[in-house]
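Take a look at the letters that make up each chain.
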Amino acid sequence: MDFFELNAFLNLSQSLHFAHTAEKINLSPSALSRLISRLEDEAGIPLLERNNREVRLTAQGEEFAAFAKKCLDEQEDIFNSFKSSAGEVSGTLRVYASVTACYSIMPPFLKELSEKYPKIHLEIETGDPAGAINAIKEGRAELAVAAIPENGLSGFDAIPVHRTPLVFAASIAGPYEKSAGSPQDIVSSVPLILPKTGLARERFDAWIESRNVKPVIAAETEGNEAIMALVQLGIGIGLIPHIVLTNGPYDKGFTCLSAGNALGYYEVGFIQKKEISGSESLKKIRNAVNEILAGLR
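A few points on the structure. (Residues numbered from 1 in each chain as written. Predicted model: local features only at pLDDT ≥ 70, side-chain atom pairs only at ≥ 80, totals over all residues. Heavy atoms only, no water.)

### What about the overall build of the chain?
Counting its regular elements, the chain contains twelve helices and eleven strands. With the C-alpha coordinates aligned to their principal axes, the bounding extent of the chain is approximately 65 × 50 × 35 Å. Going through the 297 residues of the chain one by one, you find that 44% of them count as buried. Across the chain, every contact between residues at least 6 apart in sequence was considered, and the portion connecting residues at least 24 apart equals 72%. For the chain, the computed accessible surface area is about 15100 Å², with 50% contributed by carbon and sulfur atoms. (Helix = DSSP H or I, 4+ residues; strand = E, 2+ residues; numbered from the N terminus. Buried < 20%, exposed > 50% of the residue type's maximum accessible area, 1.4 Å probe, protein only. Contact = heavy atoms within 4.5 Å. Areas by Shrake-Rupley, 256 points an atom, 1.4 Å probe, with all protein chains shown as cover.)

Here it is as structure tokens:
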């Protein structure tokens, strides 16, 4: 076995999804399946339980994943020691953020990080903000941008940097641009485009239940960018954080229909595991990140 194979297995142990892992490491799913079979042949024991619906690690597979992580951490440490001057922080920081966060929340952090620690390489995964917590839990990222619940996140350090209301967005010159009335009137008469999951959806569901409102739902999708694409088509109004309309490509062509105080505000910021673990180079990176985040609090 080699480091590429260990990395492939470690990624698969985190995602438990052959197609997603294969895409990430630039292999076909069939090639990844053959790679795993070779590892199992070499280990002399099944590392995964596979069927048509799910992939699970065996007990030995969990042990092998821990072995793979230890080997890859040590590889990263020694390679970084070759590249770095004494005391210099270097290595890879994996970040999960939505496209909107890349426009709005990330730039000040990244500017300071690159100025103070130019040898830290960034690996950024973009996706639905609702997936940020799982990205940290599954080990796909060390740092993520997410909406932060009022009661915080158990086991996570949360650093809020922006407060934003939840609003409804409509396409200018579209059929719902002039929608008016109370939030209750709007949601019961105008087609809505809602996030499938996440804090915004939880807030919305709790609010309509408390008001006994029956919303008109045109579509449910993942991510603010997908919501805005459907809003642009004119099929309804979208529930989004206001920050989406003030940054990036959505500051023109859309109008904000206020939800008043019905859905409230939430904090957006950085989240990471409280515990600092992993390779020595990763621990140094996490400490460097904490130094910068402390200035953003």
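After that view, the rundown keeps rolling.
### Points about the layout of surface pockets
Considered as a void within the structure, the largest pocket measures approximately 980 Å³ in volume. Along its surface, the largest pocket is lined by 32 residues, and Asp73, Glu76, Arg94, Glu142 and Leu282 are the ones closest to its centre. Among the elements of the structure, helix H1 (3-15), helix H4 (59-83), strand S3 (91-97), strand S4 (120-126), helix H7 (132-137) and helix H12 (280-296) are those that each provide at least two residues to the lining of the largest pocket. The element that contributes the greatest number of residues to the lining of the largest pocket is H4, accounting for eight residues. For the lining of the largest pocket, the class distribution of residues is seven nonpolar, twelve polar and 13 charged. (1 Å grid on protein atoms, 1.4 Å probe; cavity = no way out; pocket = protein on both sides within 12 Å on 5 of 7 lines; lining within 4 Å. Points joined across faces, edges and corners; volume = space filled by probe spheres on them. Nonpolar A, V, L, I, M, F, W, Y, C, P; charged D, E, K, R; others polar.)

### What about the pattern of salt bridges?
For the structure shown, the criterion picks out 16 salt bridges. Where Arg56 meets Glu54, a salt bridge forms, and the shortest distance between an N and an O atom there is 3.8 Å. We note a salt bridge from Glu150 to Arg203, for which the minimum N-O separation is 2.9 Å. With Glu150 in the loop between strand S5 (143-148) and strand S6 (156-171) and Arg203 in helix H9 (residues 199-211), the pair connects residues that are 53 residues apart, well separated along the chain. With relative accessibility at 65%, the residue Glu150 sits in the exposed group. According to the relative accessible area criterion, Arg203 is buried, its value standing at 15%. A network of salt bridges, in which partner residues are shared, links Glu49, Glu54 and Arg56. (Salt bridge = Lys/Arg side-chain N within 4 Å of Asp/Glu carboxyl O.)

### Structural notes on unusual backbone geometry
Across residues other than glycine, the phi torsion is negative in most instances, and most of the peptide bonds are trans. If you check the backbone angles, Asn26 has positive phi at about 60 degrees while not being a glycine. Summarising the element assignment, Asn26 is placed in the loop between helix H2 (18-24) and helix H3 (29-43). By relative accessible area, which is 69% here, Asn26 ends up exposed. A positive phi angle, near 55 degrees, is found at Asn212, a position not held by glycine. Along the chain, Asn212 falls in the loop between H9 and strand S8 (217-221). Accessibility expressed as a relative area gives 69% for Asn212, which makes it exposed.

### Points about the packing of helix H6 (residues 106-116) against H12
Contact pair H6 / H12: the axes reach a minimum separation of 10 Å and the direction vectors enclose 135 degrees. The pairing of H6 with H12 is recorded here as oblique in orientation. The way H6 lies across H12 gives a crossing that is right-handed. Residues Phe109, Glu112, Leu113 and Lys116 of H6 touch H12, and the partners they reach there are Val289, Glu291, Ile292, Leu293 and Leu296. Considering only residue class, the contact of H6 with H12 consists of six nonpolar, no polar and three charged. (Axes fitted to C-alpha atoms, helices over the stretch in contact; angles between N-to-C directions. Parallel < 35°, antiparallel > 145°, perpendicular 65-115°, else oblique. Left-handed = near helix turned anticlockwise from the far one by under 90°.)

### A word on the side chain of Ser104
Mapped onto the elements of the fold, Ser104 is located in helix H5 (residues 99-104). Residue Ser104 is classed as buried on the basis of its relative accessible area of 15%. Apart from residues no more than four positions distant in its own chain, Ser104 is found in contact with Ile243 and Asn247.

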